[in-house]
Amino acid sequence: MIDNNIFENLKNVLKKYGQSHLLAFRDRLDPVRQQHLLDQLNSLDFTQLERWCKDYVLNPVPAKLPKNIAPASSYSPQPADDTQRRKYAHAKRLGTELISQGKVAAFVVAGGQGTRLGFDGPKGNLPISPVKNKTLFQIFAETIAAVSAKYKFNCPWYIMTSPLNHKQTLDIFAANNYFGLNKNDIFIFQQGTLPNFSLDGKILLADIDTIATSPDGHGGSLRALYNSGASDDMKKRGVELISYFQVDNPLVNILDPLFIGLHALDGSEMSSKALAKTGPLEKVGNFCLADGSVSVIEYSDLPDELALKTNPDGSLMFNLGSIAIHIISVAFVERLNKHGFALPLHRAVKKIPYIDDKGHRIEPAQPNGVKLESFVFDALSLASKSIILETLRDEEFAPTKNATGVDSVETSRQMLIARAASWLESAGVKIPRKPDGSPDCIVEIAPSFALTKQDIIEKRNRIPLIKPGQSIYLD
């Protein structure tokens, strides 16, 4: 039996912070469930929660913009002149060496569910490839296996889940024999969570003994890497650099020698890939220099007068969009956590199921609460040095965020086919095309066949004639 004094002390704390309702159903709980609730409440910093409630729930204010906002410089997809051509060549050699020496690890943020895609389960288990219907997890695993074979090392893979899908993810990997990878080279861990609030500042209950929480955002990855022991595991393996990507992008180039090499050459702590925006108001974060530091300003926070601003040649001044692909130094993760850091929080008003004052579970029809999360790109300004490499949308970015329409399963598959067709054409393979220019075939290239378009050229004699309407799988 739990000492009643413990609950009395906690009751006083909750009363002080206006959260007494969290103990409203204590008398209905058996000792095990009482302890479960007690453990959750004791883990909360109510002083901090009070600040969050004031700043993000009760009196939210628009994001405070930096005083000085200027365009961020970047490396172009192709070298601009002879000097840069030599630097790119040096960077590729260095990146290749670092990969071959086992100094780079893959890290995917995979805490999301497939709900918005009409899919039940972890988003990483979504079938997406155009011919074999491989899941996102399988595509990434095969890519890591191909990279490991190409560079003659075993690339470790770190996977961050959330409480929503952690067990499911573990089960998926076990059921698929870790997609052919060595189980010991896969490190699966959970991100943290933050409490959910009602619109009047009360912490919501998900059950009479359970606080309503949600994952703390991809920004939580920097703390989770440290708290889970992942960064310690990296150091034991000799890993110095982390290749960060998100689970919904099947086109990602997981280990890019050029990107890795530029990061290392320039002494960067956290680097980013960017795309040229499709238009001034595209819904992506905007890379900029904020008071002198590389930063990302959300599209909703960048004033239209800046978003629409152009250079003398008519190009957009703020043209670089964030695509959540980074190289992060392990030492940077360690430094942040050892010295203490806090990324800014972002609020989202959502429909959050909760327990009402009678103990009934309510499924709200309208948004009724606030979820808080942090974004990994907010760590850029904490880095002593940060670089940006612009890449090509058709080569590296096919986000799978919606069931239909823009950035959907359908468009992602189309982009996988389009990239495969482009790679084949670059090697002299004739691709049948429709009147609108899109491929009149369905092509899928296994990572074991080619990781880059250059790999295709070496295997040109293994590629059969491709006929209109044909489905072809190259492995």
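The coordinates are above.
The structure reproduced in this document is the subject of the present report.

1. Overview of the overall build of the chain
The helix and strand inventory of the chain stands at 14 helices and 21 strands. Relative to the 2.2 N^0.38 estimate, which gives 23 Å for 475 residues, the radius of gyration of the chain is 24 Å and therefore close to what a compact globule would have. Considering only C-alpha atoms, the chain reaches an extent of 75 × 50 × 50 Å along its principal axes. Sorting the 475 residues of the chain into buried and exposed places 51% on the buried side. Residue pairs at least 24 apart in sequence account for 74% of intrachain contacts in the chain once pairs closer than 6 positions are excluded.

2. Considerations on the pattern of salt bridges
Enumeration according to the criterion identifies 22 salt bridges in this entry. In this structure, Arg85 engages Asp82 in a salt bridge whose closest nitrogen and oxygen atoms are separated by 2.4 Å. Remark: Asp82 and Arg85 occur in helix 4 (residues 82-100); sequence separation between them is three residues, near one turn of the helix. With a closest N to O distance of 2.9 Å, Glu425 and Arg433 form a salt bridge. We classify Glu425 as partly exposed; its relative accessible area is 33%. A single salt-bridge network, built from bridges that share partners, covers Asp232, Lys235, Glu334 and Lys338.

3. Points about unusual backbone geometry
At Lys152, a position not held by glycine, the phi torsion is positive, near 60°. Position of Lys152 relative to the elements: it lies in the loop between helix 5 (136-151) and strand 3 (157-161). Accessibility expressed as a relative area gives 73% for Lys152, which makes it exposed. One non-glycine residue with positive phi stands out, namely Tyr178, at about 60°. If you trace the backbone, Tyr178 turns up in the loop between helix 6 (166-175) and strand 4 (186-190).

4. Here we look at the packing of aromatic side chains
According to the stated counting rule, one finds twelve aromatic pairs in the structure shown. Seen in terms of ring centroids, Tyr17 and Phe46 are 5.9 Å apart; in terms of plane orientation they differ by 25°. Their pairing is stacked. Here Tyr17, found in the loop between helix 1 (4-16) and helix 2 (31-42), pairs with Phe46, found in helix 3 (residues 46-58); they are 29 residues apart in sequence, far enough to count as distant. Exposure remark for Tyr17: the relative accessible area of 18% places this residue in the buried category. Residue class for Phe46 comes out buried when judged on its relative accessible area of 8%. Pairing Phe107 with Phe189 gives two aromatic rings, centres 6.0 Å apart and planes at 20°, and the pair type is stacked. Linking Phe107 in strand 2 (residues 104-109) with Phe189 in strand 4, this pair joins segments that are 82 residues apart in sequence. Across this residue pair, the class does not change: Phe107 and Phe189 are buried. Over the ring of Phe449 we find Lys459; its NZ or CZ atom is 5.0 Å from the centre of that ring.

5. Details of the pairing of strand 10 (residues 241-246)
The buried count for strand 10 comes to six of six residues, which makes it a mostly enclosed element. Here strand 10 shows two buried faces, one formed by Leu241, Ser243 and Phe245 and the other by Ile242, Tyr244 and Gln246. When strand 10 meets strand 14 (residues 320-329), the two strands line up antiparallel, connected through four bridges. Note on strand 14: the bridge partner recorded for Ile242 is Ile328.

6. A look at the pairing of strand 13 (residues 293-297)
In terms of burial, strand 13 is largely enclosed, as four of its five residues are buried. Direction of pairing for strand 12 (residues 286-290) relative to strand 13: antiparallel, over a ladder of five bridges. From the neighbouring strand, Asn286 faces strand 13, where its bridge partner is Ile297. From the end of strand 12 to the start of strand 13, which pair antiparallel, there are two residues, and Asp291 there has a positive phi angle of about 50°.

7. Notes on the side chain of Ser272
Along the polypeptide, Ser272 turns up in strand 11 (residues 270-276). What Ser272 contacts, discounting residues up to four positions off in sequence, is Phe259, Phe287, Ile325, His326, Leu380, Ile387, Ile388 and Leu389.

8. Topic: helix 2
Along its twelve residues, helix 2 runs 16 Å from first to last C-alpha, staying within 8% of the 16 Å computed at 1.5 Å per residue. The inward-facing, buried residues of helix 2 contact helix 1, helix 3 and strand 8 (210-211). Residue Asp30 occupies the N-cap position of helix 2, its side-chain oxygen lying 3.1 Å from the main-chain nitrogen of Val32.

Basis of the calculations
- Residues numbered from 1 in each chain as written.
- Predicted model: local features only at pLDDT ≥ 70, side-chain atom pairs only at ≥ 80, totals over all residues.
- Heavy atoms only, no water.
- Helix = DSSP H or I, 4+ residues; strand = E, 2+ residues; numbered from the N terminus.
- Rg over C-alpha atoms; globule rule 2.2 N^0.38 Å.
- Buried < 20%, exposed > 50% of the residue type's maximum accessible area, 1.4 Å probe, protein only.
- Contact = heavy atoms within 4.5 Å.
- Salt bridge = Lys/Arg side-chain N within 4 Å of Asp/Glu carboxyl O.
- Phe/Tyr/Trp six-rings, centres within 6.5 Å; stacked < 30°, edge-to-face > 60°.
- Lys NZ or Arg CZ within 6 Å of the ring centre and 35° of its normal.
- Pairing = 2+ DSSP bridges.
- Expected span 1.5 Å × (residues − 1).
- Polar contact = N/O pair within 3.5 Å; in protein donor to acceptor, adjacent residues only side chain to side chain.

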